[in-house]
Amino acid sequence: DSQPANIMLERRVDGNLHAVVMDFGLARDTNESTGMTESGAVMGTAAFMSPEQARGQVKKLDRRTDVYSLGATLFDVLTGQAPFDDDSVVNIILKVMTEEAPTLRERNAKLPVALDTICARCLAKDKSQRYQTAQALADDLTRFLNAERITARRISQWQRLKWRAGQNKPAAALLL
């Protein structure tokens with residue numbers, strides 16, 4: 001099962017379900033010089049890892065890494081499957097690192113465009129294009145639920161191309 005095991009549902013007194021995050025991943029000493037585990041292993045549920053986490057770039061993990069994982073969880077809840085899926089964990093990790101996430105509407109065309117935009121912002125490969133905090137994501141989700149205009153905008157092709165070029169600088173230089 002590819003779903004994160006750290007999200008539990010609690011039934012409140014009023015009968016409504018409430019999601020509870022049991023932990024926020026692996027804790028590590030922020031004063032470590034290398035920023036790696038002793039084994040150097042990549043830890044977490046592959047389908048819900050951010051690209052930087054899948055690459056093992058521990059020093060680059062921040063609040064936007066959590067926003068990515070929240071977006072992957074939202075995607076799973078709304079479509080019934082993670083953004084990236086495969087029989088092999090290695091293939092999932094490769095997809096997380098290199099492929100654009102599918103849109104919600106590719107999986108279910110009946111989902112609202114605004115919700116699709118929110119989720120796409122969370123799953124942006126370039127973490128600077130994601131919501132900067134989980135609170136900013138929550139605020140946009142609240143606006144969506146209240147039928148208000150969301151702040152997120154679609155990620156442009158130019159922004160995607162710029163990220164790709166940054167990931168493969170020799171090829172980008174050759175194309176230029």
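Residues numbered from 1 in each chain as written. Predicted model: local features only at pLDDT ≥ 70, side-chain atom pairs only at ≥ 80, totals over all residues. Heavy atoms only, no water.

Enquirer: In this structure, what is going on with the overall build of the chain? I would like to understand it.
Expert: Within the chain one finds eight helices and two strands. Counting helices and strands in the order they occur from the N terminus, the chain gives β-β-α-α-α-α-α-α-α-α. In the chain, buried positions account for 32% of the 176 residues. Restricting the contact set of the chain to residue pairs at least 6 apart, pairs at least 24 apart contribute 57%. With the model as given, the accessible surface of the chain reaches about 11,200 Å², and the carbon-plus-sulfur share is 55%. (Helix = DSSP H or I, 4+ residues; strand = E, 2+ residues; numbered from the N terminus. Buried < 20%, exposed > 50% of the residue type's maximum accessible area, 1.4 Å probe, protein only. Contact = heavy atoms within 4.5 Å. Areas by Shrake-Rupley, 256 points an atom, 1.4 Å probe, with all protein chains shown as cover.)

Enquirer: Would you mind going over the pattern of salt bridges with me for this structure?
Expert: A side chain of one charge can pair with a side chain of the opposite charge when the charged atoms of the two come close. Per the counting criterion, the structure on display carries seven salt bridges. Its salt-bridge partner being Arg-12, residue Glu-10 comes within 3.2 Å of it at the nearest N-O pair. Judged by its relative accessible area of 37%, Glu-10 falls in the partly exposed class. For Asp-62, the salt bridge is made with Arg-64, and the minimal N-O distance between the two is 2.5 Å. Overlapping salt bridges, with partners in common, bring together Asp-62, Arg-64 and Lys-127 in one network. (Salt bridge = Lys/Arg side-chain N within 4 Å of Asp/Glu carboxyl O.)

Enquirer: How should I be thinking about the side chain of Asp-140 in this particular structure?
Expert: By the element assignment, Asp-140 lies in helix H6 (residues 134-145). In terms of polar contacts, Asp-140 uses its side chain to reach the side chain of Arg-143, at 3.0 Å. When sequence neighbours within four positions are dropped, the list of residues in contact with Asp-140 reads Ile-118, Tyr-131, Ile-150, Thr-151 and Ala-152. (Polar contact = N/O pair within 3.5 Å; in protein donor to acceptor, adjacent residues only side chain to side chain.)

Enquirer: Looking at this structure, I do not really get the packing of helix H5 (residues 113-122) against H6. What am I missing?
Expert: Each pair of packed helices can be described by the angle between their axes along with the distance between the axes. Direction vectors running N to C along H5 and H6 enclose 175 degrees, while the axes themselves pass 10 Å from each other. When the axes of H5 and H6 are compared, the pair comes out roughly antiparallel. Contacts between H5 and H6 pair Ala-114, Leu-115, Ile-118 and Cys-122 from the former with Leu-137, Asp-140, Leu-141 and Phe-144 from the latter. Here the residues of the contact of H5 with H6 are counted per class, giving seven nonpolar, no polar and one charged. (Axes fitted to C-alpha atoms, helices over the stretch in contact; angles between N-to-C directions. Parallel < 35°, antiparallel > 145°, perpendicular 65-115°, else oblique. Nonpolar A, V, L, I, M, F, W, Y, C, P; charged D, E, K, R; others polar.)

Enquirer: Sorry if this is basic, but what is going on with unusual backbone geometry here?
Expert: Phi at Ala-147 takes a positive value of approximately 60 degrees, unusual for a residue other than glycine. Structurally, Ala-147 is set in the loop between H6 and helix H7 (157-167). The exposure class assigned to Ala-147 is exposed, which follows from its relative accessible area of 73%.

Enquirer: What exactly am I supposed to notice about the environment of Gly-80 here?
Expert: Following the sequence through the fold, Gly-80 ends up in the loop between helix H2 (63-79) and helix H3 (89-98). Overall, Gly-80 belongs to the exposed group, its relative accessible area being 58%. The spacing of Gly-80 and Arg-107 is 27 residues in sequence and 9.3 Å in space, taken between C-alpha atoms.

Enquirer: Sorry, what's going on with the confidence of the model for the chain here?
Expert: The predicted coordinates of low-pLDDT regions are not to be read in fine detail. When the pLDDT values of the chain are averaged, the result is 81; 72% of them are 70 or greater. Note that pLDDT drops below 50 for residues 26-40; the model gives that stretch nine contacts with residues more than four away or on any other chain. (pLDDT = per-residue confidence, 0-100.)

Enquirer: What is the right way to look at the nonpolar core in this model?
Expert: Generally speaking, nonpolar side chains in soluble globular proteins are found buried as a group. Counting residues in hydrophobic clusters, the biggest one holds 21 residues, and the most contacted among them are Ala-54, Phe-84, Ile-92, Val-96, Leu-104, Cys-119 and Leu-123. Mapped onto this core, the elements with two or more residues apiece are H2, H3 and H5. Not counting the four nearest positions on each side in its chain, Phe-84 is found in contact with Ala-47, Tyr-68, Ile-92, Lys-95, Val-96, Glu-99, Glu-100, Ala-101, Pro-102 and Lys-125. Counting seven residues, the second-largest nonpolar core is a separate cluster that includes Tyr-131, Leu-137, Ile-150 and Ala-152. (Core = buried A, V, L, I, M, F, W, Y, C linked by side-chain atoms within 4.5 Å.)

Enquirer: In this structure, what is going on with H3? I would like to understand it.
Expert: In an α-helix, one turn spans 3.6 residues; hence positions three or four apart end up facing the same way. What H3 keeps buried is the set Ile-92, Ile-93, Val-96 and Met-97. Each buried residue of H3 sits inside an arc of 135 degrees when the element is viewed along its axis, so together they form one side. A distance of 3.2 Å separates the backbone nitrogen of Val-90 from a side-chain oxygen at the start of H3, and that oxygen is part of Ser-88. (Arc of directions from axis to C-beta.)

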